[in-house]
Amino acid sequence: MEKGLNLTRKQYIITASLLFGMFFGAGNLIFPIHLGQMAGQNWLPAAIGFLVSAICLPLLSILSISMTESSSMYDLALPAGKIFALVFLILTHSSLGLLIASPRTATVTFSMGIQPFIPKAWTQWSLLIFSFLFFGATLLLAYNQNKLTRNVGKILNPILVLLLAFLFFVAFFLKGGDMRSMSLFPASGQGTGSLINGFLQGYNTMDALAGLGFGVTIVTALKLFGQKDNRQRSKSVAIIGALTMGFEALIYIFLIALGASSLAYTKMSADGGTAFTTIMRHYTGMAGASILAALTLIACLTTSIGLITSLSQDWGRRFPRIGYHRFLIFATIVSFSIANFGLDQIILYSSPILSFLYPLAISLIILGIMRPFIGRRPLIYRSTITLTMIPAILDLIHNLPPIFANQSFIAAINAWATHHIFLYSVGLDFLPFMLLGLIGSWVISKFAKQAIPSSEGSSINNN
């Protein structure tokens, strides 16, 4: 392929399949299902809120990488300062490929596909063995970067899509009675609350952060296809992102509807994994357990590969002396270790970290999308990020686990912020801070830019 040519249709489909496979993993299966159960009759506004944070934000993150012609999230964050860009790169990939998302892929697979069939006394040792095999497979499939598109895009992801299609066909067409009884309209006065809850639940998929992280993997795949020109490659990234997130949006709507309709034949489950197991048994009987196990394993394995690969590529580029393969082995070992703390502990400690990182990621995404209008002005970037950092820290405090949140100092900060910070109680307090930083610094920079020529002209006239 020559430097400026478009990808072929087949290459677009394969690369979009690769991106979908990396995106669609543990959280993408269990959180929409559980959200549907929590929302019940209000499932439609909850779905809209979920799609904003779990589809629109990841799509915008991909577009921001594309529009700024960045190779990674480090390039996107660079106008805010080298130190911030490096710290944000490390923190984001640490949450994705080390501490939360990657370990969660193994624990969700284990809790849904293995744990129901073993005695409780065997749980810890079984998790240890399973997570070792799971991350061993991740390491083998991710070790050769040149084969990543084939392994995920051509082999694993098509199997995942076929299994999902089978489930939806049975639920919506063969046994569609549960769906026909569902209401499209929310209960009076509950639509707004469900919409906001859906938006915040979308954080748990971590896809807005993953979109920033996966940018480097997609750019690498396009380079392997021979696309060398930055501008042409950025257009391809935008097209691939739109294809991927459009398809994923349909799946989310189906999953949320499945969760909401399940209340017709079961009670609300404690978590999405339990709910999904109940739904599969309802629609597919005894075969549901094996189908669910296969579906979860493939979904989580492809995401684990994507998370650890993007971390290793990004960090390997920043620290070339260490390189891709050393970071890959390191990330695999750490993810394996964290996974053995169990799913409940991972979810418990992920909430404060995501509450801190998401506002900063959203700010960077908006700044990237507005690059044609605001340029790369450090004043605008640094002002926006600095002001957004304030509610991000407060949101981290607000979502700390009970062992920390019950401390008198933390409780006092939380109580003060609840009474004095706008939108703090619903987790959207970063919005006014972000807009103030963005608009205020843009206005200041415009006035400063206009003032410089006029002052120069007056000094010339005075001379």
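The rules behind the values
- Residues numbered from 1 in each chain as written.
- Predicted model: local features only at pLDDT ≥ 70, side-chain atom pairs only at ≥ 80, totals over all residues.
- Heavy atoms only, no water.
- UniProt positions renumbered as here; feature names shortened; annotations may be inferred.
- Axes fitted to C-alpha atoms, helices over the stretch in contact; angles between N-to-C directions.
- Helix = DSSP H or I, 4+ residues; strand = E, 2+ residues; numbered from the N terminus.
- Parallel < 35°, antiparallel > 145°, perpendicular 65-115°, else oblique.
- Left-handed = near helix turned anticlockwise from the far one by under 90°.
- Contact = heavy atoms within 4.5 Å.
- Nonpolar A, V, L, I, M, F, W, Y, C, P; charged D, E, K, R; others polar.
- Domains from an automatic or database assignment.
- Buried area = accessible area lost by both parts, 1.4 Å probe.
- Salt bridge = Lys/Arg side-chain N within 4 Å of Asp/Glu carboxyl O.
- Polar contact = N/O pair within 3.5 Å; in protein donor to acceptor, adjacent residues only side chain to side chain.
- Buried < 20%, exposed > 50% of the residue type's maximum accessible area, 1.4 Å probe, protein only.
- Expected span 1.5 Å × (residues − 1).
- Arc of directions from axis to C-beta.
- Core = buried A, V, L, I, M, F, W, Y, C linked by side-chain atoms within 4.5 Å.
- Phe/Tyr/Trp six-rings, centres within 6.5 Å; stacked < 30°, edge-to-face > 60°.
- Lys NZ or Arg CZ within 6 Å of the ring centre and 35° of its normal.

The name given to the protein chain in an unreviewed UniProt entry is Branched-chain amino acid transport system carrier protein, and the organism recorded there is Lentilactobacillus parafarraginis DSM 18390 = JCM 14109. Taken from UniProt, the Sequence similarities (unreviewed entry) comment for the protein chain reads in full: "Belongs to the branched chain amino acid transporter family." Heading Subcellular location (unreviewed entry) of the UniProt record for the protein chain holds this comment: "Cell membrane".

Student: Quick question: what am I supposed to make of the packing of helix α1 (residues 9–23) against helix α12 (residues 230–261) here?
Tutor: Angle between the axes and distance between the axes: these two values describe a pair of packed helices. Between α1 and α12, whose axes approach to 9 Å, the crossing angle comes to 55°. Taken together, the axis directions place α1 and α12 in an arrangement best described as oblique. Crossing angle aside, the handedness with which α1 passes α12 is right-handed. Note on element contacts: α12 touches α1 through Ser-236, Ile-239, Ile-240, Gly-241, Leu-243, Thr-244, Met-245, Phe-247, Glu-248 and Ile-251, opposite Tyr-12, Thr-15, Ala-16, Leu-19, Phe-20 and Phe-23. Class assignment of the residues belonging to the contact of α1 with α12 gives a composition of eleven nonpolar, four polar and one charged.

Student: Would you mind going over the domain arrangement of the protein chain with me for this structure?
Tutor: In many analyses, interface size is given as the accessible surface area lost on bringing the parts together. As assigned here, the protein chain comprises domain 1 (9–340) and domain 2 (343–449). Taken together, the 41 residues of domain 1 in the interface contact 27 residues of domain 2. Buried surface at the junction of domain 1 and domain 2, both sides included, amounts to about 2,900 Å², of which 81% is carbon and sulfur. Summed over the shared surface of domain 1 and domain 2, the number is zero salt bridges. Taken together, the connections running from domain 1 to domain 2 amount to three residue pairs in polar contact (both at pLDDT 80 or more). Counting residues per element, the ones that place at least two in the side of domain 1 that touches domain 2 are α3 (43–67), α4 (73–77), α5 (82–99), α6 (101–113), α10 (191–201), α11 (207–224) and α15 (323–339). Element by element, the count of residues in the side of domain 1 that touches domain 2 is highest for α3, at seven residues. Counted by class, the side of domain 1 that touches domain 2 contains 26 nonpolar, twelve polar and three charged residues.

Student: For this particular structure, what's the right way to read the side chain of Ser-269?
Tutor: For Ser-269, the location among the structural elements is in the loop between α12 and α13 (272–284). Owing to a relative accessible area of 10%, Ser-269 belongs among the buried residues under this scheme. Look past the residues within four positions of Ser-269 in its chain and what remains in contact with it is His-34, Gln-37, Thr-274, Ala-275 and Thr-278.

Student: Is there a simple way to explain helix α7 (residues 123–142) in this structure?
Tutor: In an α-helix, one turn spans 3.6 residues; hence positions three or four apart end up facing the same way. The end-to-end C-alpha distance of α7, which contains 20 residues, comes to 28 Å, matching closely the 28 Å that a straight helix rising 1.5 Å per residue would cover. Turning to α7, its buried residues are Thr-123, Ser-126, Leu-127, Phe-130, Ser-131, Phe-134, Phe-135, Thr-138 and Ala-142. Along α7, the residues classed as buried sweep out an arc of 145° about the axis, all on the same side. The exposed residues of α7 that point more than 90 degrees off its buried face are Trp-125, Ile-129, Phe-132, Leu-133 and Leu-140.

Student: Help me out: how do you make sense of the nonpolar core in this one?
Tutor: The tendency in soluble globular proteins is for nonpolar side chains to be buried as a group. Phe-24, Phe-88, Leu-258 and Phe-276 are the most contacted members of the largest nonpolar core, which has 123 residues in total. Of the domains in this structure, domain 1 (9–340) and domain 2 (343–449) are the two that each give at least three residues to this core. For Phe-88, the residues in contact, after removing those within four places along its chain, are Met-73, Leu-212, Leu-357, Leu-360, Ala-361 and Leu-364. If you look at the next biggest cluster of nonpolar residues, it comprises five residues, including Leu-394, Ala-417, Tyr-424 and Phe-433.

Student: So what exactly am I meant to see when it comes to the packing of α5 against α15 here?
Tutor: Look at α5 against α15: their axes get within 8 Å of each other, and the N-to-C directions meet at 65°. Taken together, α5 and α15 sit at an angle that is classed as roughly perpendicular. Judged by residue contacts, Gly-97, Leu-98 and Leu-99 of α5 engage Phe-330, Ala-331, Val-334, Ser-335 and Ile-338 from α15. Considered class by class, the residues forming the contact of α5 with α15 number six nonpolar, two polar and no charged.

Student: Got a minute to help me understand unusual backbone geometry in this structure?
Tutor: The bulk of non-glycine residues show a negative phi, and the bulk of peptide bonds are trans. For Glu-69, which is not a glycine, the phi torsion comes out positive at approximately 55°. Within the secondary structure, Glu-69 sits in the loop between α3 and α4. Glu-69 sits in the partly exposed class, given a relative accessible area of 36%. The phi torsion at Leu-423 lies on the positive side, around 70°, for a residue other than glycine. Within the fold, Leu-423 resides in the loop between α20 (408–420) and α21 (430–462).

Student: I tried to follow the packing of aromatic side chains on my own but got confused; where do I start?
Tutor: For any two aromatic rings, the description comes down to two numbers: the centre-to-centre distance and the angle of the planes. Under the defined criterion, the tally for this structure stands at 14 aromatic pairs. Centre to centre, the rings of Phe-50 and Tyr-252 are 5.0 Å apart; their planes meet at 90°, and the pair counts as edge-to-face. Of this pair, Phe-50 sits in helix α3 while Tyr-252 sits in helix α12, and the two are 202 residues apart along the sequence. Comparing Phe-50 with Tyr-252, the two get one shared label, buried. When the ring of Phe-134 is compared with that of Phe-135, the centres are 5.2 Å apart and the planes differ by 85°; the resulting orientation is edge-to-face. Phe-135 shares its class with Phe-134; the two are buried. The ring of Tyr-74 is capped by Arg-318, whose NZ or CZ atom sits 3.9 Å from the centre of that ring.

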